[in-house]
Amino acid sequence: MTHDMAKQFWKVYIGMAGKNGMHANMSNPVDDFKARAHAGEFDKLTDDQYYRKEADAEELSSFWHYKPSETVGQILLNALAKTDISDVEIDDIAGILADASVRTDYYTEERECDEGIINEDLDFSPVDGPTPFDGDAGWTPHSIYDYLDQHIYGQEAAKRAASMLMYHHLNGNSRNIVMAGATGCGKTEIWRTLSKKFNFIRIVNGPQLTCDGWKGSYHIKDIFTGETKETAECLVIVIDEADKLFEPSIGSGGTDFGQKIQNELLKIMDGDTLAFVDEGDRNKKITVDCSGISLVLCGSFERMLQERTEASGSIGFCQPEREESRIAECSEEDLIQYGNVRREIVGRINQIVTLNALGAEDFEAIMESPASPIQKIEQSHHVSLTVDKDTKRKLASDAEKSGLGCRYIRSRLQSMLDEQMFDEPDAKEYSLCYE
């Protein structure tokens, strides 16, 4: 959840609670998001911006416990229970409330209530003693992994690598890793899932990213635009389809802009200070210290994986024999030889993780797992779905053939649901199957 969205939430709901609005019913933010999207309000957003807003709405929805509506008071209690607040922050909040208490005449207000009497013997000592919240609330590699494991099927090595990067990053140690694997294997979904918990993760579309002087409107500096200095200097930047960045991009003057953008990435990986001109004030320069930034390069790296798999003597990750179909581990030299990655970049990569392509059996298993796209659609629409085994089997087979993975399954299920909702929009249960 972004800082701005979180601040707006607390501002609105605390404000309502302070104005006798505790019992007001509020609709689920996911429903509001869908209505705004249907009205075309987000049409001009990029895919990354749209998905970020959708993720924020889904995360806020947890304060409603995914119900269509809830009272302000219950929403606030749910939000407080889910929010990781440090002892220092609790002390600050308590100080603010104490200041408000000083100027409030509770005695008069209490006498006006039906209950009528203040208990003169109230004992506040338990507040000063130990509470269930005094333990270490920090993230550990295992707790990060466990969170991912609830939402991502398989890919154990990738989930462990992402967990360790996040753990080190949270403790002030930046890391750079490469995640290589076929389309639809879950590379980006790992980071999209983590971004719902950690609001300093930014997922960037690699093919959209360009350097100054080359066509395109999204540059390295735009990753940091709109961020506070504190947030900008501790980002985890995930570049999706990063392998496309390393392909030669020759300009009319013979300049290889693919090399230039690698130079800019190199500055981030080196922990250098980047300097940009403020677009709002050309005389003002913006600087970003990159020493606390972690970089994740996600891509299919098809040629590299194919060459490495064949060299290892294994069957190849696109073959149907799932028991023997494994992507061989890739080395730094493989990135240089087959991935067009400069040696200077490779030298600053801490880990290379290869993910296995998912087959039809995997997709069937995913539909039975907590990460099932069926459950996500149910939560999104507040309905119950029944999908028969034959339909799941065909969806899994088609997902493998399409190369789109779970995205295909979710899109196909949504289309099937829409066909029924068109005639029965108020139904709470639907049975989805191929006709």
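Going along each chain's sequence as written, the residues are numbered from 1 onward. Selection of residues for local features in this predicted model requires a pLDDT of at least 70, selection of side-chain atom pairs for listing and counting requires 80 or more, and totals for whole chains, interfaces and linings are taken over all residues. To obtain the side-chain values, all non-hydrogen atoms of the structure were included, while hydrogens and water were left out.

Student: Can you tell me about the overall build of the protein chain, naming the residues and giving the values?
Tutor: Along the protein chain, the regular secondary structure elements total 19 helices and 13 strands. Only protein chains enter the accessibility calculation, which uses a 1.4 Å probe; a residue is then buried when its area is under 20% of its type maximum, exposed when over 50%, and partly exposed in between. Taken across its 435 residues, the protein chain has 38% of its residues classed as buried. Throughout, a residue-residue contact means that at least one pair of heavy atoms, one from each residue, lies within 4.5 Å. Restricting the contact set of the protein chain to residue pairs at least 6 apart, pairs at least 24 apart contribute 69%. For accessible areas, the Shrake-Rupley method is used with a probe of radius 1.4 Å. Any residue's cover is judged against the shown protein chains and nothing else. For the protein chain, the computed accessible surface area is about 24900 Å², with 49% contributed by carbon and sulfur atoms. Helical segments are the DSSP runs of H or I of at least four residues, strand segments are the runs of E of at least two, and each set is numbered from the N terminus.

Student: Just give me the short version of the pairing of strand β3 (residues 176-180), but keep the residues and values in it.
Tutor: For a regular strand, the rule is simple: side chains alternate between the two faces of the sheet. Of all the five residues making up β3, five are buried; the element is thus mostly covered by neighbouring parts of the structure. Along β3, one buried face is formed by Asn 176, Val 178 and Ala 180 and the opposite face, lined by Ile 177 and Met 179, is buried too. Strand pairing is assigned whenever DSSP identifies at least 2 bridges connecting the two strands. Taken together, the four bridges between β3 and strand β11 (residues 351-354) define a ladder with parallel strand orientation. Residue pairing in the sheet places Met 179 in a bridge with Val 353 of β11.

Student: I'd like to hear about the pattern of salt bridges, residue by residue, with values.
Tutor: In what follows, salt bridge is the name for a side-chain nitrogen of Lys or Arg lying within 4 Å of a carboxyl oxygen of Asp or Glu. Going through the model one piece at a time under the given rule, you end up with 13 salt bridges. Notably, a salt bridge pairs Glu 189 with Lys 376, separated by 3.7 Å at the nearest N-O pair. One end of the pair, Glu 189, is in helix α10 (residues 187-195); the other, Lys 376, is in helix α17 (residues 373-381), and 187 residues separate them in sequence. By relative accessible area, Lys 376 is classed as partly exposed at 27%. Measuring nitrogen to oxygen at the nearest pair gives 2.3 Å for the salt bridge that ties Arg 348 to Asp 270. Here Asp 270 lies in helix α12 (residues 257-270) and Arg 348 lies in the loop between α15 (343-346) and β11, a separation of 78 residues in the sequence.

Student: Which residues make up the side chain of Thr 193, and what are the values?
Tutor: Along the chain, Thr 193 falls in helix α10. Assessed through its relative accessible area of 4%, Thr 193 is described here as buried. Residues within four places of Thr 193 in sequence aside, it is in contact with Tyr 147, Leu 148, His 151 and Ile 152.

Student: Any chance you could break down α10 for me, citing the residues and the numbers?
Tutor: Because the α-helix completes a turn every 3.6 residues, residues three or four places apart line up on one side. The buried count for α10 comes to seven of nine residues, which makes it a mostly enclosed element. Here α10 has its buried residues at Lys 187, Thr 188, Ile 190, Trp 191, Thr 193, Leu 194 and Ser 195.

Student: Please give an account of the packing of aromatic side chains that cites residues and values.
Tutor: Here the distance between the centres and the angle between the planes together describe a pair of aromatic rings. Aromatic pairs are defined between Phe, Tyr and Trp rings, using the six-membered ring for Trp, whenever the two ring centres lie within 6.5 Å; interplanar angles under 30 degrees are classed as stacked, those over 60 as edge-to-face, and all others as tilted. Tallied over the full model, the rule gives nine aromatic pairs. Through successive ring pairs, a cluster of aromatic residues spans Phe 9, Trp 10, Tyr 13, Phe 63 and Trp 64.

Student: Could you give an account of the packing of helix α8 (residues 141-149) against α10, with specific residues and numbers?
Tutor: For the pair α8 and α10, interaxial distance at closest approach is 10 Å and the crossing angle is 110 degrees. Judged on the interaxial angle alone, α10 and α8 are roughly perpendicular. The chirality of how α8 crosses α10 is right-handed. Each of Ile 144, Tyr 147 and Leu 148 in α8 lies in contact with α10, whose residues at this interface are Ile 190, Thr 193 and Leu 194. Residue type decides the class: Asp, Glu, Lys and Arg count as charged, Ala, Val, Leu, Ile, Met, Phe, Trp, Tyr, Cys and Pro as nonpolar, and the leftover types, Gly among them, as polar. Its residues assigned to classes, the contact of α8 with α10 comprises five nonpolar, one polar and no charged. Here, axes are lines fitted to C-alpha atoms. For helices the fit covers the stretch in contact, and angles between N-to-C directions go from 0 to 180 degrees. The labels follow the angle: roughly parallel below 35 degrees, roughly antiparallel above 145, roughly perpendicular from 65 to 115, and oblique for the rest. For any helix crossing, the convention is left-handed if the near helix is rotated counterclockwise from the far helix by under a right angle, and right-handed if that rotation is clockwise.

Student: Lay out the environment of Leu 80 in plain terms, naming residues and giving numbers.
Tutor: Assignment of secondary structure puts Leu 80 in helix α4 (residues 72-82). Spatially, the C-alpha atom of Leu 80 lies 8.9 Å from that of Phe 63, the residues being 17 residues apart in sequence. Apart from the residues within four sequence positions on either side, Leu 80 is in contact with Trp 10 and Ile 85.

Student: Explain the sheet that holds strand β4 (residues 201-205) to me, using residue names and the numbers behind them.
Tutor: Pairing is parallel across the open sheet formed by five strands, whose spatial order is β4-β7-β10-β3-β11. A single partner strand is all that each edge strand has here, and the edge strands are β4 and β11. Neighbour to neighbour, the strand axes of the sheet diverge by 15 degrees on average, direction disregarded. Inspection of the sheet shows β3 paired to strand β10 (residues 294-299) by five bridges, in the parallel sense. If you follow Asn 176 over to β10, its bridge partner there is Leu 295. Sitting on the sheet, helix α9 (residues 156-170) is in contact with β3, β4, β7 (236-240), β10 and β11, with an inclination near 150 degrees to β11. Across the sheet, α10 lies against β3, β4, β7 and β10, angled at about 145 degrees from β4, the strand it touches most.

Student: Break down the nonpolar core for me, citing the residues and quoting the values.
Tutor: Within this scheme, the nonpolar core is defined by two criteria: the residues are buried Ala, Val, Leu, Ile, Met, Phe, Trp, Tyr or Cys, and they are joined through side-chain atoms within 4.5 Å. Of all hydrophobic cores here, the largest spans 58 residues; its most connected members are Met 166, Met 179, Trp 191, Leu 194, Ile 201 and Phe 224. Not counting the four nearest positions on each side in its chain, Ile 201 is found in contact with Arg 52, Met 166, Trp 191, Leu 194, Ser 195, Val 236 and Val 238.

Student: Mind laying out the environment of Lys 53, listing which residues take part and the relevant values?
Tutor: Tracing the sequence through the fold places Lys 53 in helix α3 (residues 47-61). Remark: the alpha-carbon pair of Lys 53 and Met 5, spanning 48 residues in sequence, is separated by 9.4 Å. Setting aside its immediate chain neighbours within four residues, Lys 53 contacts Phe 33, Phe 42 and Leu 45.

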